[in-house]
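Read off the chains here:
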Amino acid sequence: MTTLRAPSAPIGIPVAAIAGLLAGALTCLLQGVVPADWNTAVNSGAVWTVVAFGAAALLAQTQSAAVIAGLLVLVGEVAGYYLYLADVRHLPGLRSEELLWTVAALWIGPLTGLAAYRARWGDTAARMTALATIAGVVAGEGVYLVRIAGMIKSGWLEIGVGAAVAAAAMALRPAAAHIRAGAVLSGIVVAVAVYAAYRLLAFN
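In this report, we go over the structure that sits alongside the text. (Residues numbered from 1 in each chain as written. Predicted model: local features only at pLDDT ≥ 70, side-chain atom pairs only at ≥ 80, totals over all residues. Heavy atoms only, no water.)

### Notes on the pattern of salt bridges
Condition: Put simply, a salt bridge is a Lys or Arg side-chain nitrogen that is within 4 Å of an Asp or Glu carboxyl oxygen. Numbering goes from the N terminus for both helices and strands, where a helix is a DSSP run of H or I of at least four residues and a strand is a run of E of at least two. The buried label goes to any residue with under 20% of its type's maximum accessible area, the exposed label to any with over 50%, and the partly exposed label to all in between, with areas taken from a 1.4 Å probe on protein chains only.
Within the structure shown, the criterion is met by 1 salt bridge. Across the salt bridge formed by Arg 95 and Glu 98, the nearest N and O atoms sit 3.0 Å from each other. Residue Arg 95 and its partner Glu 98 are both found in helix α4 (residues 95–121); the two are separated by 3 residues, about one turn of the helix. Residue Arg 95 is classed as exposed on the basis of its relative accessible area, which comes to 66%. Take Glu 98: its relative accessible area is 21%, and that puts it in the partly exposed class.

### Some details on the nonpolar core
Put simply, the rule reads: Throughout, nonpolar core names a set of buried Ala, Val, Leu, Ile, Met, Phe, Trp, Tyr and Cys residues whose side chains join them through atoms within 4.5 Å. In what follows, residue pairs with any heavy atoms lying within 4.5 Å of each other are defined as contacts.
In terms of nonpolar packing, the biggest core is built from 24 residues, with Phe 53 and Tyr 81 touching the most fellow members. For this core, the secondary-structure elements that each account for two or more residues are α1 (9–31), α2 (45–59), α3 (63–87), α4 and α5 (124–149). It is α3 that provides the largest number of residues to this core, a total of 8 residues. For Tyr 81, the residues in contact, after removing those within four places along its chain, are Gly 24, Ala 25, Thr 27, Cys 28, Gln 31, Asn 43 and Trp 48. Ala 46, Tyr 144, Tyr 195 and Tyr 198 belong to the second largest nonpolar core, which has 8 residues in total.

### Considering the packing of α3 against α4
Threshold: Note on method: axes are straight lines fitted to C-alpha atoms, helices fitted across the in-contact stretch only, with angles between N-to-C directions ranging 0 to 180 degrees. An angle counts as roughly parallel when it lies under 35 degrees, as roughly antiparallel when it exceeds 145, as roughly perpendicular when it falls between 65 and 115, and as oblique in every other case. Should the near helix be turned anticlockwise from the far one by less than a right angle, the crossing is termed left-handed; should it be turned clockwise, right-handed. Amino acid classes used here: Ala, Val, Leu, Ile, Met, Phe, Trp, Tyr, Cys and Pro are nonpolar; Asp, Glu, Lys and Arg are charged; the rest, including Gly, are polar.
It is at 7 Å that the axes of α3 and α4 come closest, and there the two elements cross at 150°. Between α3 and α4, the crossing angle belongs to the class labelled roughly antiparallel. Judged by the twist between their axes, the crossing of α3 over α4 is right-handed. Across the contact of α3 with α4, the residue classes break down as 14 nonpolar, 6 polar and 2 charged.

Rendered as structure tokens:
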């Protein structure tokens, strides 16, 4: 049986940058098509993070390459979104918002890439923890959407997706109770942090 391997770094890194630009443009396109109740389900920080996570997992086979890939995808998503917004939809974008998401991408991107590497190449504990943390990102944003933003449908969708991913991570393979507990705790901590960050930004 042939084992599926990620592309080498010289190929994977530029592909990650292009993928980020395309994903950002696509989310901007869908934002103008999807009804308001579901708008966030196709365009949000959590969605961008999940895309970066998946791309880094697919494109990188070393930890350093995954970190770079995560960074490039997230930064590319920000750039692709605002370029599409300005040049295709001809809508003004807030510079403060663009700067905020760019700064967020610069530190969340590498962490997302690292989590992606551990989810694909790590041991059982690393895989469970990485998947639980990405689930926490999605669920934490979902809680914010339900409690603060008033976007009930898309918020509950994200909470459900986060819970499903976390449950799948726990069922991934046999593991000791303390490993499962640690992964769950990591996911909860990330979810609370994401919710708190969104709430802080909402009231500023």
